[in-house]
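Residue-level listing of the chains:
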Amino acid sequence: MAGPGGPDHRPPPVGEDDRDRAVERLHEAYGEGRLSDEELDERLHEVLTATTGAELRSALASLPEERAGAASTIAAVSGRIRRRGAWRVPRTLTVASALGSVHLDLSRAVIDHPVVDIELQLGTGNARITVPRDAVVDIEGLQTGWRQALHKARRRARPGGPRIRISGFTGLGRLTIRHAWR
């Protein structure tokens, strides 16, 4: 809609992805001790009611910028993708493989974030993800093609473990998620 002085220059509305990232940044800051309980509540309210990007940025004021290396992609057309041992897990990890298998072992990895998002883009081939013993796994954002994902949630997970959110799609292979023994 145009006003008398020209086109309407309203800022675009806040997207859900931006709002989700802002909520995660607040939770990370709270986990690092940068925010008190009251500050977290106030800022969460600001983020959840923000209608513009400026309001969203205002709620995140005084927080450090997102860390470099917060997102990473591992990709292969064919062959194996394998990560194990003491590797640093980014906040967001995209794994893309057209024809090969994938094995991600997070059991001894360095996980600096309370929430880790793993987006799978898999064609054929199986994938196996080993998570820390106390991790909470969320696979609601995952679409499977040929076979359902296998995951048995731990009965007695200790509080304080990372939350691993797995999304994306698996084509003809199967995703198996297991918790490490120790």
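What comes next concerns the included structure. (Residues numbered from 1 in each chain as written. Predicted model: local features only at pLDDT ≥ 70, side-chain atom pairs only at ≥ 80, totals over all residues. Heavy atoms only, no water.)

### A look at the nonpolar core
Consideration 1: Among the nonpolar cores identified, the biggest contains 25 residues, and Ile118, Leu120, Ile166 and Leu175 are the most heavily contacted of them.
Consideration 2: Elements with a minimum of two residues in this core: strand S6 (92-97), strand S7 (102-105), strand S9 (115-122), strand S10 (127-131), strand S11 (136-144), strand S13 (163-170) and strand S14 (175-179).
Consideration 3: Considering each element in turn, this core owes the most residues, four residues, to S9.
Consideration 4: Discounting residues that sit within four places of it in the chain, Leu120 has contacts with Val95, Ile129, Leu142, Ile166, Ser167, Gly168, Phe169, Thr170 and Leu175.
Consideration 5: Grouped together as the second largest cluster of nonpolar side chains are 14 residues, Val14, Val23, Leu26 and Leu60 included. (Core = buried A, V, L, I, M, F, W, Y, C linked by side-chain atoms within 4.5 Å. Buried < 20%, exposed > 50% of the residue type's maximum accessible area, 1.4 Å probe, protein only. Helix = DSSP H or I, 4+ residues; strand = E, 2+ residues; numbered from the N terminus. Contact = heavy atoms within 4.5 Å.)

### What to know about helix H1 (residues 16-31)
Consideration 1: Look at H1: 22 Å from first C-alpha to last across 16 residues, which is about the 22 Å you get at 1.5 Å a residue.
Consideration 2: Among the residues of H1, Arg19, Ala22, Val23, Glu24, Arg25, Leu26, Glu28 and Ala29 are the ones counted as buried.
Consideration 3: Along its buried surface, H1 packs onto helix H2 (37-49), helix H3 (53-59), S9 and S13.
Consideration 4: Gly33 occupies a position one or two residues after H1 and carries a positive phi of about 85°. (Expected span 1.5 Å × (residues − 1).)

### With respect to a positive patch on the surface
Consideration 1: On the surface, a cluster of positive charge is contributed by Arg80, Arg82, Arg84, Arg108, Arg128 and Arg178.
Consideration 2: Note on placement: Arg84 falls in the loop between strand S4 (81-83) and strand S5 (88-89). (Patch = residues over 30% accessible without salt bridge, like charges linked within 9 Å, V, L, I, M, F, W, Y side chains within 5 Å. Areas by Shrake-Rupley, 256 points an atom, 1.4 Å probe, with all protein chains shown as cover. Salt bridge = Lys/Arg side-chain N within 4 Å of Asp/Glu carboxyl O. Lys, Arg positive; Asp, Glu negative; His and termini not counted. Charge placed at Lys NZ, Arg CZ, Asp CG, Glu CD.)

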